[in-house]
Every structure is written in C-alpha cells, then in structure tokens.
Amino acid sequence: MYETEQKKRTLKTAVLTMGLAMVLAGCGVGNAPAKQGPPERGVVASVDVPLRDPAWSEEEGVVIALQEDGQRLVRLDTGQSFDGTRDFPVTISDQIEAAAGENLALERGRTPGKIYLPKPERDQIAVAENDSLLEVRTFAAGESPTRVALGGTSTGLSSQTLYALSEDGQTVSMVDLENAGDVAAEVEVGVSEDALIEPSGEDGFWLAGSEGVALYAGGPPELRGALPLQAGSLAVDEADPQRAYVGETESGRLAVVEPGESGELNTTAETTLDAPAEYLTIDEGRLYAVTNDELVVLDSETLETVETVELGPLVAQEDLEEAEPSGVAVGEEDVYVTLRDEPYVLLIEKP
C-alpha cells in the first residue's frame, strides 16, 4: 500500500489557492485538503492518481473508485461537512493481480460491504473488503467478464445475483453469490463491446450500447424488449429498477425507458441537454447527468432541469480546461466527478 520510502517520495504535492497537499502516512493513507471553488459551490481535491468509475458507499460514507489503469482500488473518506477546505483520507490498495475491467459493483446493506471487480484477463470476479480494500476471494464468471452489476443486494432484495458482461459483449453470466459463487446461467446477448449493464430487479438486467437498449428478465433471463437508441450512458433507479435512464451518444437526448404492458419498451419521458451525457446516476428522485462541460440535475420523473452547474470555473483553477469526466458518484451531501488522466476529483454541493 505505498509503504516504501521510494513510493512516498514519488507522490505529487498539489499546490492550491488554500494550500492543497497530499501527505501519506502508513498503508497509503494521506490527507488531501481541497481548494475553494466558485462561491460555496464546489472544490477541487487532489487524489494523487487519476480515478474512474467512482461509487458511493452509503453504509460507510465513502467513495470507492478504480485507479484509472485498473491496477488499484482507491477509497476516499470524504467526511460530512462542506466548508471549502475539506480534508479527507485517501487509501490506495495493493496492486491488483491482473487489471480490473470497466467498472466495479458495491454490495449494499452491510458494513463493511464487499467490492466486486471483474478481471477479464483471468475470467474471474475478485471480491475485496470495503474497509481495507484487501482482496478476500475470487470466483469464475464466464469468459472475460469486463462489467458487473449486482441484482438483489443492490436493490434491497433478499436474493444475491451478480451479472457479468463479457468483454466482447456476447454473453452475460449470472453468478449465484449465495451458492459459493457458482455460474447459474449464461445468456447470449450479442451486444457491442461498449455496452453497459445495470440490474433490473430481482431476476434481470438492462443492457445499453450503440445497438440500442434491451431488458432481460426471468429465470434464466430472456429478452423482454428492445429500443433502438444509440446509448452512451445508462442509469437505473434502485427504487424502481424497471425504469432505465439513457443518454444518447450523438446528441444531448436523455430518455426514460420502461416496459409496457405487453413487454415492449417505451420512452415515457425525454429531454435534450446541450451536449451528450457522458455519465448518469440516480439519487433520491434526482437524475445527475455529467457532460464534458456541465453537471445537470434533473427531476427523475419528468426530466425537468432542477439545476445546472458549469464545470469550467472549477477545472480552471488547476488549468484543467481540457480534462474530461471519467465518472460520477452522488454522496450524502456532494456530487463527486472524477477526471480522465488527471489526479483530481471535483466535489460539487448537491442542490
């Protein structure tokens, strides 16, 4: 965990207006004071390494993310207050054997929870502890799993199923987490390599990619409906997992997609942003859409805009105007936006 003196010397010290520094102490744990952003709206925090795919752990009040190269897990203990000079401990795991895939999935409802990481090079899923970031086990999950989604646990249901999408987009493997991690079934889906996956409840999943949006359900899941939207982003409301939110790749169009009475998929609400939504996430009746320039907060029922936050004033503080988002997570008080190729996180106060 970055315990050697050589690694400590290589850590970058970021100088911000209010004095932003990363000081490591044991096991790769340091403090990252954050710089004041636009008046009482946001801060820029240095995390020493570029991150991607952040996820909020509600039970522990922390952000878990992947190091951008997939070689390590990173835990941000963000604290509770928003005062413009926030300090939070940053913990970086040991190097992962074989790089992680495209995302991670967090177990819900338990403290400490588990982190599920796909390892496409090993045909495995790795399980790590949320509090220590230590890998505790691995299990098989079909061929080259690259994206994962948790059904049951993540939606408050009693069953625990992990869905693993293969790197080539051809199959989704269903893993029974309550039965020693056995692969219960494999479903041929034949989607693109850039496809995204989210749970649709107790016994199914959503897929979205350049070929469209699809809903699978049943035991084993079967295709229930599809809609030809060129999707570049996808989010599902845990409170209503039969409703998906989709952002198109070539436009700023956002759509709510739901199954009809006959199983077909319908668009039940839509709006248009100024640019494509690179990332989407849901929290307490709000849809958070991140474009290259803005964080847009919308009502999840109507898709009416609640608030728009320009990212320019924040990233300009560190001359990061060319930086692009690499993920978004919504915490108790703030929204966290990671940046591609840049060792910073934007912390934006929730509306």
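Above this text you will find the structure in question.
Residues numbered from 1 in each chain as written. Predicted model: local features only at pLDDT ≥ 70, side-chain atom pairs only at ≥ 80, totals over all residues. Heavy atoms only, no water.

Caption draft 1: Fine view of the overall build of the protein. On a plain count of helices and strands, the protein comes out with 2 helices and 31 strands. Evaluated residue by residue, the protein yields a buried proportion of 58% over its 351 residues. Just so you have it, the protein exposes about 14400 Å², and 42% of that area is on carbon and sulfur atoms. (Helix = DSSP H or I, 4+ residues; strand = E, 2+ residues; numbered from the N terminus. Buried < 20%, exposed > 50% of the residue type's maximum accessible area, 1.4 Å probe, protein only. Areas by Shrake-Rupley, 256 points an atom, 1.4 Å probe, with all protein chains shown as cover.)

Caption draft 2: Here's a closer look at the pattern of salt bridges. A full pass over the atoms with the stated rule returns 14 salt bridges. One salt bridge in this structure joins arginine 122 and glutamate 97, with 4.0 Å as the shortest N-O distance. Separated by 25 residues along the polypeptide, arginine 122 in the loop between β10 (114-119) and β11 (124-129) and glutamate 97 in the loop between β8 (89-92) and β9 (105-106) bring together distant segments of the chain. Here glutamate 97 falls in the exposed class, since its relative accessible area comes to 52%. (Salt bridge = Lys/Arg side-chain N within 4 Å of Asp/Glu carboxyl O.)

Caption draft 3: Just the packing of aromatic side chains, in detail. This model, assessed by the stated rule, comprises 3 aromatic pairs. Consider the rings of tryptophan 56 and tyrosine 336, whose centres lie 6.0 Å apart with planes at 10°: the pair is stacked. With a gap of 280 residues between them, tryptophan 56 in strand β5 (residues 51-57) and tyrosine 336 in strand β30 (residues 334-339) connect regions that are remote in the sequence. Residue tryptophan 56 is classed as buried on the basis of its relative accessible area, which comes to 12%. Ring centres of phenylalanine 205 and tyrosine 216 lie 5.0 Å apart, and the angle between their planes is 10°; this geometry places the pair in the stacked category. Here phenylalanine 205 is found in strand β18 (residues 204-209), whereas its partner tyrosine 216 is found in strand β19 (residues 212-218), with 11 residues between them in sequence. For the residue pair phenylalanine 205 and tyrosine 216, the accessibility class agrees, reading buried in each case. What links up through ring pairs into an aromatic cluster is the set Tyr163, Phe205 and Tyr216. (Phe/Tyr/Trp six-rings, centres within 6.5 Å; stacked < 30°, edge-to-face > 60°.)

Caption draft 4: Quick peek at the layout of surface pockets. A volume near 250 Å³ is recorded for the second largest pocket. Lining the second largest pocket are 15 residues, and of these Glu102, Thr146, Arg147, Glu193 and Asp194 lie nearest its centre. Every element with two or more residues in the lining of the second largest pocket is listed here: β13 (145-151) and β21 (231-237). The residue inventory of the lining of the second largest pocket, partitioned by class, reads 5 nonpolar, 4 polar and 6 charged. (1 Å grid on protein atoms, 1.4 Å probe; cavity = no way out; pocket = protein on both sides within 12 Å on 5 of 7 lines; lining within 4 Å. Points joined across faces, edges and corners; volume = space filled by probe spheres on them. Nonpolar A, V, L, I, M, F, W, Y, C, P; charged D, E, K, R; others polar.)

Caption draft 5: Quick look at a negative patch on the surface. A cluster of acidic residues, Glu102, Glu121, Asp123, Glu143, Glu167, Asp168, Glu186, Glu188, Glu193, Asp194 and Glu211, forms a negative patch at the surface. Summarising the element assignment, glutamate 188 is placed in strand β16 (residues 182-188). (Patch = residues over 30% accessible without salt bridge, like charges linked within 9 Å, V, L, I, M, F, W, Y side chains within 5 Å. Lys, Arg positive; Asp, Glu negative; His and termini not counted. Charge placed at Lys NZ, Arg CZ, Asp CG, Glu CD.)

Caption draft 6: Expanded view of the pairing of strand β7 (residues 73-76). Taking every second residue as pointing to the same face, both faces of β7 are buried, with Leu73 and Arg75 on one and Val74 and Leu76 on the other. Here strand β6 (residues 62-67) pairs with β7 via 4 bridges, running antiparallel. Across the sheet, leucine 66 pairs through a bridge with leucine 73, a residue of β7. If you look at the hairpin formed by β6 and β7, you'll find 5 residues sitting between the two strands, and glycine 70 has a positive phi there, around 75°. As defined by bridge partners, β7 adjoins β8 across 3 bridges and the pair is classed as antiparallel. Across the sheet, arginine 75 pairs through a bridge with threonine 91, a residue of β8. (Pairing = 2+ DSSP bridges.)

Caption draft 7: Looking closely at the environment of valine 257. In this structure, valine 257 sits in strand β23 (residues 253-259). Relative accessible area serves as the criterion here: at 0%, valine 257 is assigned to the buried category. Those residues in contact with valine 257 that sit more than four places away from it in its chain are Trp206, Leu227, Leu229, Gln242, Arg243, Ala244, Val246, Leu265 and Asn266. (Contact = heavy atoms within 4.5 Å.)

Caption draft 8: Just the environment of glycine 42, in detail. As for its position among the elements, glycine 42 is in strand β4 (residues 42-46). For glycine 42, a relative accessible area of 3% corresponds to the buried category. As for glycine 42 and leucine 347, which are separated by 305 residues in sequence, their C-alpha atoms are 5.3 Å apart.

Caption draft 9: Molecular detail of the pairing of β23. In this sheet, β23 lies alongside strand β22 (residues 240-248) in antiparallel orientation, the contact comprising 4 bridges. Residue pairing across strands places tyrosine 245 opposite valine 256, the latter belonging to β23. With antiparallel pairing between neighbouring strands as the criterion, β22 and β23 make up a hairpin whose turn holds 4 residues. Of the strand pairs in this sheet, β23 and strand β24 (residues 265-272) are connected by 7 bridges, and their pairing is antiparallel. Looking at β24, one finds that valine 256 is bridged to alanine 269.

Caption draft 10: A look at the sheet that holds β9. Here we have 4 strands laid out as an open sheet, ordered β9-β10-β11-β12, and antiparallel in their pairing. Pairing within the sheet leaves two strands with one partner each, and these edge strands are β9 and β12 (135-140). Relative to β12, β11 runs antiparallel, the two sharing 5 bridges. Within β12, the position partnered with valine 127 by the bridge is arginine 137.

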